[in-house]
Amino acid sequence: MTSLAIEIEAYAAKRRRRSAAATTGLVIVMVGVLAVLAWVLLYVAVQGFSALTPSFFVSNPPGNPSAVGGGFANGILGSLIVVGLAALIAIPLGILAAIYLAEYGRGRWSNAVGFFTDVLIGIPTIVTGAFVYSVWVIHFGFSGFAGSLALAIVMLPLIVRTTTQMLKLVPDSLREASLALGASKRKTVTRIVLPAALPGIITGLMLAVARAMGETAPLLLTALGNDLFTEANPGKRMSTLSLQIFDNAISGFKSGQARAWAGALTLVAIVLVLTFAARFFARRSRVAQ
Amino acid sequence: MTAQAGVDVPVVRPQGRATRWLGGDGAFRVAVTACSAVVLVTIVAMVIFLLVQGFDAMRHYGFFSFLTTARWAPSEATATSSSPNPYGILQFIYGTLITSLIAMILAVPVAVSVALYITNFAPLRLRRGLSSLVDLLAAVPSVVYGFWGIFALLPALKPIGGFLASTLGKVPVIGVAFSGPYFGYSYFAAGVVLAIMVLPIIAAVCREIFATTAGSWKEAATALGATRWEVAMVAVYRPSRTGILGASILGLGRALGETIAVTMVIGNYVLSINKSILGQGATMSSVIANEFTEAVEPFHLQALFVVGFWLLVVALVVNIIARRIVAAQAAL
């Protein structure tokens, strides 16, 4: 071999080594990120299971936060009510707005709506809470419903964005076939396009609900919390699972922290179940793969 | 007018706008358009309502006086005295910026690496699973990160905090930013928690951007004999740099507004700017979460709305810039 060939081969070997080293580096970073995920989930699982008792789901927190035992039954119920009402508000609004963006929207107005939907996703949720406080709580007092309003604002842009994406994935040939058969645009959208995109839309809805379940900051300013008794009336101040975790976590009492760990495990479990269920629907989706 | 007897009058349904309206097409269109307006109305209303709520305090103390002092001492507020303003918010702005900066420095390189690995290096059958796992980081609620942060992360960061204090903390000039002692609750801890929380957001956007880079570039680079790393750099990373910037700013937007986790690990020190990142502080969002329901001093609640207003302004600006950059990259 000539010296030139040797030089070239040496250079190529150096480049291959660099590539291998960089790949190894990326693998290490990837493993590191997965390790952090495992650390968080396992820590919550270990602490949560050691604090979890069956009575956690059926009893309320003790009146004295330093007392041992008790549970977050009222908070779990509160979360279901507050998030449920938020979903009732945000889902129809979000889907209709998405239909506008995907099926009707042309021009500046629709660009503006699409753009500000994304911007709304980035608004701090504590600001959302302060906003709902100023439009609702000032006049009607702290209530579960005020919390629902705040969470609806958190969920709305998430729903609009995923639903719009899913509707846009429905092939135009379906729309054309429907219109050619004489169906009105409304019928085409509600009977053909929406059902075709439904699994994907449900995925988005479940992820939005999961997000709302874990929200705490806006509820501090709206639902406020109520540890004393079970409140099922959304017109009154209400506890949620996330609020009770927050209060008990920073209470400084070992017993309170134990309840908070059990609550954190419950919350993570709910969120993960929703997330995995959402993925299951996504996989069943015909249009979104 | 009646139809003549014995003559079949064919029922011809009137055509055109009117029927389509009555048949629901027009009404449907109006309904969906109205729903789309909710998003815009909400954002505009947020700005107006926060401004209105904070207006009394702004008028009393002066619009910009909040931004010129770094001392937040509600107990010193009285109903009449308007100077000095006891509700300085400079330290909160500083806290928001410094924790977000720490988060960005830690999260951006990691998120880009993870996205690059998943889209270009990982075995094909692992890619979907790895994406889902990274996304799972974003599913963990903020309050859980905060709780985990207090009990798992703060002790784990102790050696790192001690190391920073004993090395960088001894360097002249920049040492003041790393001076110890490190007790746990700090800007630094908040930044680390934020880094973990924004990482999946940045990684997800980067993954999308990397996936849309032209396959032909990759093929061309490979055909020229480039190694896998060189292909990833030349054909994937370089053309995506604008998008990575946009993704990072999106993550920044999230970090600036994150509340509960930060509130739980930052220490909530509100009296001045703590120069060391190993010291305690507060952010714009943490002070609102912490004091909102206990705001009893004169102008206290209004001052918190002033904080909220400025936080909203910062969030709007950052998000608008980020979305424009991401959209520009997507249009390429």
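Please read these numbers as outputs of a predicted model, since none were measured by experiment.

What follows concerns the overall build of chain B. Summing up its helical and strand segments, chain B has 12 helices and zero strands in all. The order of α-helices and β-strands along chain B, N terminus first, is α-α-α-α-α-α-α-α-α-α-α-α. If one aligns the C-alpha atoms of chain B with their principal axes, the spans along those axes are about 105 × 75 × 30 Å. Out of the 332 residues in chain B, the part that is buried amounts to 48%. For chain B, the proportion of contacts with a sequence separation of at least 24, taken over those separated by at least 6, is 75%.

Along the backbone of chain A there are 10 helices and zero strands. Starting at the N terminus, the α and β elements of chain A follow one another as α-α-α-α-α-α-α-α-α-α. Counting only C-alpha atoms, chain A reaches 85 × 65 × 35 Å along its principal axes. Counted over contacts in chain A with a minimum sequence separation of 6, partners at least 24 positions apart contribute 76%.

What follows deals with the domain arrangement of chain B. All names here are of chain B. Once the domains are mapped, chain B shows domain 1 (17-63) and domain 2 (90-331). One C-alpha centre belongs to domain 1, the other to domain 2; they are set 31 Å apart. With 10 residues of domain 1 at the interface, the matching set in domain 2 holds eight residues. Taken together, the residues that form the side of domain 1 that touches domain 2 break down as six nonpolar, three polar and one charged.

All names here are of chain A. Domain annotation of chain A identifies domain 1 (3-51) and domain 2 (56-284). Here the C-alpha centroids of domain 1 and domain 2 sit 36 Å apart. Every contact between the two is made by six residues of domain 1 and, on the other side, seven residues of domain 2. Of the residues in the side of domain 1 that touches domain 2, the class split is four nonpolar, two polar and no charged.

A:A97, A:M155, B:V193, B:I202, B:C206 and B:V265 are the most contacted members of the largest nonpolar core, which totals 201 residues. Counting residues per element, this core draws most heavily on helix 6 (residues 187-212) of chain B, at 20 residues.

Attention now moves to the interface of chain A and chain B. The partner chain B presents 68 residues to the 70 residues of chain A that form the contact. Residue contributions to the side of chain A that touches chain B peak at 18 residues, all from helix 1 (residues 3-51) of chain A. Its residues assigned to classes, the side of chain A that touches chain B comprises 52 nonpolar, 11 polar and seven charged.

Residues and elements named next belong to chain A. Relative to each other, helix 1 and helix 10 (residues 254-284) sit at 120°, their axes nearing to 7 Å. Judged by the angle between their axes, helix 1 and helix 10 are oblique. As for how helix 1 packs across helix 10, the hand of that crossing is left-handed. Of helix 10, the residues touching helix 1 (which contributes V44, A45, Q47, G48, F49 and A51) are A258, R259, W261, A262, A264, L265 and V268. A per-class count over the contact of helix 1 with helix 10 returns 10 nonpolar, two polar and one charged.

Residues and elements named next belong to chain B. Along its 32 residues, helix 3 (residues 90-121) runs 45 Å from first to last C-alpha, staying within 8% of the 46 Å computed at 1.5 Å per residue. The largest bend along helix 3 measures about 30° and falls at A107, with the proline P109 one to four residues further on. Counting buried positions along helix 3 yields 24 of 32 residues, so the element is predominantly enclosed.

A separate point is helix 2 (residues 73-104) of chain A. All names here are of chain A. The end-to-end C-alpha separation of helix 2 is 45 Å, in line with the 46 Å expected for 32 residues at 1.5 Å each. At A90, helix 2 is deflected by roughly 25°, the largest bend along its length, and proline P92 occurs up to four residues later in sequence. Burial analysis of helix 2 places 23 of its 32 residues in the buried class, the great majority of the element.

Take the environment of B:F55 next. Mapped onto the elements, B:F55 comes out in helix 2 (residues 25-61). Taking C-alpha positions, B:F55 is 39 Å from B:R29, a pair spaced 26 residues apart along the chain.

This brings us to the packing of helix 2 of chain B against helix 12 (residues 300-331) of chain B. All names here are of chain B. Direction vectors running N to C along helix 2 and helix 12 enclose 140°, while the axes themselves pass 7 Å from each other. In terms of orientation, helix 2 lies oblique with respect to helix 12. Viewed along their axes, helix 2 and helix 12 form a crossing whose handedness is left-handed. Contact residues: helix 2 offers M46, V47, L50, L51, Q53, G54, D56, A57 and M58, while helix 12 offers Q302, A303, F305, V306, G308, F309 and L312.

Thresholds, definitions, all that
- Residues numbered from 1 in each chain as written.
- Chains lettered and ligands numbered in written order.
- Predicted model: local features only at pLDDT ≥ 70, side-chain atom pairs only at ≥ 80, totals over all residues.
- Helix = DSSP H or I, 4+ residues; strand = E, 2+ residues; numbered from the N terminus.
- Buried ≥ 20, exposed ≤ 12 C-beta atoms within 10 Å, placed from the backbone.
- Contact = placed C-beta atoms within 7 Å.
- Domains from an automatic or database assignment.
- Nonpolar A, V, L, I, M, F, W, Y, C, P; charged D, E, K, R; others polar.
- Core = buried A, V, L, I, M, F, W, Y, C linked by C-beta atoms within 7 Å.
- Axes fitted to C-alpha atoms, helices over the stretch in contact; angles between N-to-C directions.
- Parallel < 35°, antiparallel > 145°, perpendicular 65-115°, else oblique.
- Left-handed = near helix turned anticlockwise from the far one by under 90°.
- Expected span 1.5 Å × (residues − 1).
- Bend = angle between axes of the 7 residues up to and from the residue.

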